[in-house]
Amino acid sequence: MEPILSGAFNQFNEAADQLKLADEMRAYLTSFKTVFQTQFPVEMDDGSLKMFDGIRILHNTARGPSKGGIRYSARVSLDEVKALAMLMTWKCAVVDIPFGGAKGGVTVDPASMSPNELQNLTRRFTSEIIPIIGPDKDIPAPDMGTNPQTMAWMMDTYSMTQGYTIPGVVTGKPLALGGSEGRFEATGRGILNVIEEHLRAEGGIAGRRVAVQGFGNVGGIAARLIHQAGAKVTHISDKDTALYHRDGIDAAAAYAFVAGGGTLAAWREQFGRDVEVVDGPAVLAADVDILVPAALESVLTEENAAAVRAPLIVEGANGPTTTEADAIFRERGIVVIPDILANAGGVTVSYFEWVQARQFQRWTEERVNQELGRIMARAYQAVSARCPIGSPGCTLRQAANWVAIERVVEAVSLRGIYP
Ligand code: GLU
């Protein structure tokens, strides 16, 4: 079993022991409602056909239609998608939005495909999963390697087969197609919201030193917003380059450059010559107040957990900490704000987008950000009430799992088992 799936099961089982869940309920919640795998052809630009592996997994729909991203990555596997689908169930429950959990993916390196090939791949994969998805059933969204354009193609393909435009079938769409104000930034903004909530009694985020690993839609925007909130973002990194400046990097400028198609290496070359290039592992071991891993899963492991110096880790990525690393952090007194809470801002604004699509309404960005802040604060409070700061007997990850699992168990129990 891959570490991310064994990690997801370990976390669930630990919480299930603590909550004294019945064996039947444990078996139910470690099973997957739908596991869909497909191999499908795509016409490439040179006229050849290439086969691809696609997956869509629905974990649990007790609380509502399933929700979760679609990722394009060479690492996509059944285990990974299962783990991430399960995490989506808990994530939606922690922020208390009326969705279950799902995830999907295609095993492909999107950087190796032309825009036309990506469009062909997206349309064919969408048509393969049409029996499963739908605005009342299962609602995909962007994830690693996919973006608003991908969602536009998915929405169009689905709508064409139904005969009319159905914007509620996916979220994370471009604004011009019924996407929501604030959705693109939502995961990064939610990370800032939970950090602010966590530090509220301790003077807030201004002046804190922060290292952010990953500079895409999650890490790049989180770094920008954290910088704009007055913290010193001393370390940032993308997959090729890690940068450091003792007094903090202008993450807003770096993000604007990268969002325009550049790399961090090119940004430094042109505008950031006073910024130092460091090696990738230095970001995770940075001497900072807050570490935000916002790139890949399983990056904090048994091997490097002892080197982490930040007293607070905020999980921007899904599953960045292995079970072994988590135990080391606990022993060392390092506080971890877990993924299902820290990065839930994305799916929360996806929920707002879905609501707007179904009501043909448009919310202002202000309203979106305000409602997001309210939901993130409420979720943080619900979790931290179960494990107040400084409690030796628990972690925020455990508390988040308790809150989430209890909510799903309550829904399952109220519904009962059909027939
Ligand atoms: N892919 C994002 C996540 O992992 C967002 C999912 C969604 O908006 O449905 O939470």
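That block above? That's the structure.
A.B. asks: An account of the side chain of T150 is requested, with residue identities and associated values reported.
C.D. replies: Mapped onto the secondary structure, T150 falls in helix α5 (residues 148–162). On the accessibility criterion, T150 (5% relative accessible area) is buried. If near-sequence neighbours (up to four positions away) are discounted, T150 is found in contact with Y72 and T122.

A.B. asks: Lay out the nonpolar core in plain terms, naming residues and giving numbers.
C.D. replies: Core analysis: the largest hydrophobic core is formed by 94 residues, its most contacted members being L29, W90, I226, I236, V292, V314 and I337. When sequence neighbours within four positions are dropped, the list of residues in contact with I236 reads V212, F215, A223, T241, A242, L243, I249, A254 and L264. I70, I133, Y158 and V170 belong to the second-largest nonpolar core, a separate cluster that totals 23 residues.

A.B. asks: Any chance you could break down the site of the ligand for me, citing the residues and the numbers?
C.D. replies: Taken together, 14 residues surround the ligand, and among them K67, K91, P142, D143 and S350 come closest. Between an oxygen atom of the ligand and a side-chain N or O atom of K91, the distance comes to 2.7 Å. P142 is positioned with one of its backbone polar atoms (N or O) 3.0 Å from a nitrogen atom of the ligand. For the ligand, whose free accessible area comes to 300 Å², the fraction covered by protein is 94%.

A.B. asks: Quick one: what's the story with the sheet that holds strand β2 (residues 49–60), residue by residue and with numbers?
C.D. replies: Reading across from one edge, β1-β2-β4-β3-β5 is the order of the 5 strands in this open sheet, with mixed pairing throughout. Two strands close off the open sheet at either side, each with one partner strand: β1 (34–43) and β5 (138–142). Sheet twist, expressed as the average angle between the axes of neighbouring strands with direction ignored, equals 25°. Pairing of β2 with strand β4 (residues 100–107), which is carried by 6 bridges, proceeds in the antiparallel orientation. Note on β4: the bridge partner recorded for I57 is K103. Here helix α4 (residues 115–129) sits on the sheet in contact with β1, β2, β3 (66–73) and β4, set at roughly 140° to β1.

A.B. asks: Talk me through the sheet that holds strand β11 (residues 312–314); I want residue IDs and the actual numbers.
C.D. replies: Spatially, 7 strands are ordered β9-β8-β7-β6-β10-β11-β12 in an open sheet, and the strand pairing comes out mixed. In this open sheet, the two strands that pair with only one neighbour each are β9 (276–278) and β12 (335–337). Taking the axes of each pair of neighbouring strands and ignoring which way they run, one obtains an average angle of 25° across the sheet. As paired strands, strand β10 (residues 290–293) and β11 are joined by 2 bridges and run parallel to one another. When the bridges of β11 are listed, L291 appears paired with I313. Helix-sheet contacts for helix α9 (residues 264–271) involve β7 (232–237), β8 (242–244) and β9, and the interaxial angle to β8 is about 40°.

What counts and what doesn't
Counting of residues starts from 1 at the beginning of each chain's written sequence and follows it residue by residue. Reporting in this predicted model follows two pLDDT cut-offs: at least 70 for local features of residues, and 80 or more for side-chain atom pairs to be given and counted; totals over whole chains, interfaces and linings ignore these cut-offs and use all residues. Side-chain calculation: all heavy atoms of the structure are included, whereas hydrogens and water are not. The helix count covers DSSP runs of H or I at least four residues long, the strand count covers runs of E at least two residues long, and both are numbered beginning at the N terminus. Remark: exposure states derive from per-residue accessible area (1.4 Å probe, protein chains only) relative to the maximum for the residue type, with buried under 20%, exposed over 50%, and partly exposed in between. The criterion used for residue contact is that any of the two residues' heavy atoms lie within 4.5 Å. What is meant by a nonpolar core is a set of buried Ala, Val, Leu, Ile, Met, Phe, Trp, Tyr and Cys residues, joined one to another through side-chain atoms within 4.5 Å. When we say a residue is near a molecule or strand, we mean one of its heavy atoms is within 4 Å of it. Any pair of nitrogen or oxygen atoms within 3.5 Å is treated as a polar contact; in protein, a donor-acceptor pairing is required on top of that, and neighbouring residues in sequence qualify only through side-chain atoms on both sides. Every accessible area reported is derived by Shrake-Rupley at a probe size of 1.4 Å, with residue values counting cover from the shown protein chains alone. Between any two strands, at least two bridges found by DSSP are needed for them to pair. Angles here are taken between N-to-C directions and fall from 0 to 180 degrees, while the axes themselves are lines fitted to C-alpha atoms, restricted in helices to the stretch in contact.

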